[in-house]
Every structure is written in structure tokens, then in C-alpha cells.
Amino acid sequence: MLLTFDVGNTETTLGLFDGDRLHAHWRVMTDVARSSDELGVLLRGLLAGADLVSPDSQGVAIGSVVPRVTAPLAEACRRWLSPRRVSIIDARSPLPITLDVDEPLTVGADRIINTLAASRRYDRDAIVVDLGTATTFDCITRDGVFLGGVIAPGVRTSAETLF
């Protein structure tokens, strides 16, 4: 089993996978300040509430665009779930993707994961659009070369500005 985290500016989405099969998923607010212990209790509660397998049998993958949350979340997973491995996905991760941009370390984990998934799933060049707190448009080639993209205000921010 693999417990995955997509830590966005507004919400954090969690998914529990067995291979390609999604067993359960949850959404929690990101902007609530929590210690690693609070996060650990939250995680154990979500897993127990879904009557899932023992948390200690899982690996964990964290993709985060919120640095202040990344370390406490990783620590919570290590201490409260005891996974075999906790991986934090970012531009330094050994993934089958090449970040062909001037400053690769500035590419967010969300953009890396989204484009890599699109190129693998569809086996072709792709433009990937993510409608989150920000709206991102990113380009990736069939063979996993991230060519860059654009970040724009998200739908909510854009709508509030218009009103």
C-alpha cells in the first residue's frame, strides 16, 4: 500500500493506493497550522475511520508546494504510521522526467507529478492544466521532458477579482 499526499496551498489530498487501485481518499485543509503530533493523530484517525489495513504496512509519497507543512507531515508519517519509506517528491527526486527549464528547483512538486503522470498515462506530448489555488498550464513531451509552463490566478481568485 502507498499513502500519497498532494499538499496544495488550500487543501491537502490524501490517497491510499494498492498498485493502481485507489482504496480511499480524503481532503483536509492545508492552511491549519498543525504540529507533527496533531498530523499523526489526524492520519491515524482517517485510516482507522476507513477501517483500512494497518498503517505500518504502507510506504508514503509526499508532493508538497507548502514547505512549512512538508517536514512536519513527513515526521508525522514516520512517527505515527511507521512506513517502510517516506519519499518527498520534488525537483531533486530520481524520476523519469527531465526539467528542461532555466531553474528546475523552482518547479513545484504538483507540476512535476501532474506532467509526469500525463506523459505516462497518455504516452504523448501533453499540455496539463491544473485548476487549484493557482491555475497552471504545463507542457511535457511524450518521453518525459518538462518544457515549462505558466502559473495564473486560480478560479476562485479570478472570480473574486471580477466581482
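As a reminder, the structure under discussion sits directly above these lines.
The sheet built from four strands is open, its strands ordered S6-S9-S8-S7 with mixed pairing. Strand pairing shows two members of the sheet lacking a second neighbour, strand S6 (98-99) and strand S7 (126-131), which therefore form its edges. Where strand S8 (residues 134-140) meets strand S9 (residues 145-153), seven bridges bridge the pair, whose relative direction is antiparallel. When the bridges of S9 are listed, Thr136 appears paired with Ile151.

In this fold, Ser93 is placed in the loop between strand S5 (86-89) and S6. There is a polar contact of 3.3 Å between the side chain of Ser93 and the backbone oxygen of Ile88. Among the polar contacts made by the side chain of Ser93, one reaches the main-chain amide nitrogen of Asp90 at a distance of 2.9 Å.

On to the environment of Thr12, then. With respect to the element layout, Thr12 can be found in strand S2 (residues 11-18). Judged by its relative accessible area of 7%, Thr12 falls in the buried class. For Thr12 and Val128, which are 116 residues apart along the polypeptide, the C-alpha to C-alpha distance reads 20 Å. Discounting chain neighbours no more than four positions away, the residues touching Thr12 are Phe5, Asp6, Val7, Trp26, Arg27, Val28 and Thr30. Separated by 2.7 Å, the side chains of Thr12 and Thr30 make a polar contact.

Within the largest apolar cluster, 22 residues are counted, with the highest numbers of intra-cluster contacts made by Phe5, Trp26, Leu43, Ile62, Leu73 and Cys77. Broken down by secondary-structure element, the contributors of at least two residues to this core are strand S1 (2-7), S2, strand S3 (21-29), helix H1 (36-49), strand S4 (59-64) and helix H2 (67-81). Broken down by element, this core gets its largest block of residues, six residues, from H2. Excluding residues that lie within four positions of it along the chain, Leu73 makes contacts with Phe5, Val7, Leu39, Leu43 and Ile62. Judged by nonpolar contacts, the second largest core, of ten residues, contains Leu116, Ala126, Ile140 and Phe146.

Rules and cut-offs
- Residues numbered from 1 in each chain as written.
- Predicted model: local features only at pLDDT ≥ 70, side-chain atom pairs only at ≥ 80, totals over all residues.
- Heavy atoms only, no water.
- Pairing = 2+ DSSP bridges.
- Helix = DSSP H or I, 4+ residues; strand = E, 2+ residues; numbered from the N terminus.
- Polar contact = N/O pair within 3.5 Å; in protein donor to acceptor, adjacent residues only side chain to side chain.
- Buried < 20%, exposed > 50% of the residue type's maximum accessible area, 1.4 Å probe, protein only.
- Contact = heavy atoms within 4.5 Å.
- Core = buried A, V, L, I, M, F, W, Y, C linked by side-chain atoms within 4.5 Å.

From the geometry alone we can't say anything about function, so treat these as descriptive.
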